[in-house]
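Spelled out from the first residue to the last, the chains are:
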Amino acid sequence: MLSLKEVIPALTKDFTQGITRVDKHIYIQPKKEHKYTFIWMHGLEDVPDSFLAGFNNPELNPFDHQTTKVILLCAPVRPLTKNKGEMMTSWYDIMIPNWKQFWGIKSDKELWGVDQAIESRNFIWSLIDQEPIPKKNIFIGGFSQGCCMSLLAGLGYKESLGGILGNSGYLFPFTEIKNKTPIQILHGEEDEVIPYEFAEKSIQPLLKLENNLQFIKLKGIEHAMMLDNFKLMKEFVAKHLS
């Protein structure tokens, strides 16, 4: 199975038209009328450029590039405690290397930079507030840390959004749930960074909700974005576009 990075060069045509950069964030403007917005967050020690080719290609982008603004956000550069203070892009700090072993044992603040996650969440909320379209036409998503942030921001927002597209992440125990935004979470069966079983355990609170939830195991996939991710996201978006 080909990875996204392997197949992108064959699909890439022109990735400069309609693209603007503001404070390291990337904005892909709709070709015509702005009806929808999709906000995406990368993972730890990554940059939004890693996803530019995918989301700027009409064959892969889950949304219609004619009517959708895509915002690829860039996380702040901060010291990561679990890596002895090494500076890297991160939506929140991770306090200890073996944090997954202490899930439910140590407090949230002993595992993650909760205040930083809340700060990042509030920033995402501010972007949602600024969008001049109905909130039901706004979707958010992300990979790994970005998945965690999309769930934190999307479920905690003051009203329902169009949908949350999470990939290879987990649900924070301190996530507030204030709406009925539909959710899709895709996770690799062979993920060793965030094991599938761990992610499955974390999302148990979502099973009690009235939100439309898809939690899909991707067989043979590790901690990565593959073409199947884009295909499944596109099916989810088509179902939930208003």
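Residues numbered from 1 in each chain as written. Predicted model: local features only at pLDDT ≥ 70, side-chain atom pairs only at ≥ 80, totals over all residues. Heavy atoms only, no water.

The chain is annotated in an unreviewed UniProt entry as Phospholipase/carboxylesterase/thioesterase domain-containing protein of Paramecium octaurelia.

Another point: the pattern of salt bridges. The final tally for this structure, using the stated rule, is six salt bridges. With a shortest N-O distance of 3.1 Å, Lys 69 and Glu 131 are connected by a salt bridge. Of this pair, Lys 69 sits in strand β4 (residues 68-73) while Glu 131 sits in the loop between α4 (114-130) and β7 (138-143), and the two are 62 residues apart along the sequence. Of the two residues examined, Lys 69 and Glu 131, each falls in the buried class. Where Lys 109 meets Asp 115, a salt bridge forms, and the shortest distance between an N and an O atom there is 3.7 Å. We classify Lys 109 as exposed; its relative accessible area is 53%. (Salt bridge = Lys/Arg side-chain N within 4 Å of Asp/Glu carboxyl O. Helix = DSSP H or I, 4+ residues; strand = E, 2+ residues; numbered from the N terminus. Buried < 20%, exposed > 50% of the residue type's maximum accessible area, 1.4 Å probe, protein only.)

Per the UniProt record, "domain: Phospholipase/carboxylesterase/thioesterase" (unreviewed entry) is annotated on residues 28-240. Between the end C-alpha atoms of residues 28-240 the distance is 21 Å, and the span holds 27% helix and 21% strand. (UniProt positions renumbered as here; feature names shortened; annotations may be inferred.)

On to the confidence of the model for the chain. Regions with low pLDDT should not have their predicted coordinates read in detail. Looking at the chain, pLDDT values average 92 and 93% of them are 70 or higher. Here residues 1-15 scores under 50 on pLDDT; set against residues more than four positions off or in separate chains, the count is 26 contacts. (pLDDT = per-residue confidence, 0-100. Contact = heavy atoms within 4.5 Å.)

We now examine the environment of Val 114. Here Val 114 lies in helix α4. Overall, the relative accessible area of 12% leaves Val 114 in the buried class. On a C-alpha basis, the gap between Val 114 and Asn 83 in space is 17 Å, while along the polypeptide they are 31 residues apart. Ignoring anything within four residues of it in the chain, the contact list for Val 114 reads Asp 108, Lys 109 and Phe 174.

To continue, consider the packing of aromatic side chains. Describing an aromatic ring pair means giving the distance of the ring centres and the angle of the ring planes. A full pass over the atoms with the stated rule returns 23 aromatic pairs. Their ring planes at 50° and their centres at 6.5 Å tell us that Phe 51 and Phe 143 sit as a pair that is tilted. In this pair, Phe 51 is assigned in the loop between β3 (36-41) and α2 (52-55) and Phe 143 in strand β7, connecting sequence segments 92 residues apart. Residue Phe 51 shares its accessibility class with Phe 143, and that shared class is buried. Grouped by ring-pair contacts, the aromatic residues Phe 38, Trp 40, Phe 51, Phe 55, Phe 63, Phe 139, Phe 143 and Phe 230 constitute a single cluster. (Phe/Tyr/Trp six-rings, centres within 6.5 Å; stacked < 30°, edge-to-face > 60°.)

Bringing helix α5 (residues 145-156) into the picture now. Taking 1.5 Å as the rise per residue, α5 with twelve residues should run 16 Å; its terminal C-alpha atoms sit 16 Å apart, in good agreement. By the criterion of burial, α5 is predominantly enclosed, with twelve of the twelve residues buried. Restricting attention to buried positions, one finds in α5 the residues Gln 145, Gly 146, Cys 147, Cys 148, Met 149, Ser 150, Leu 151, Leu 152, Ala 153, Gly 154, Leu 155 and Gly 156. (Expected span 1.5 Å × (residues − 1).)

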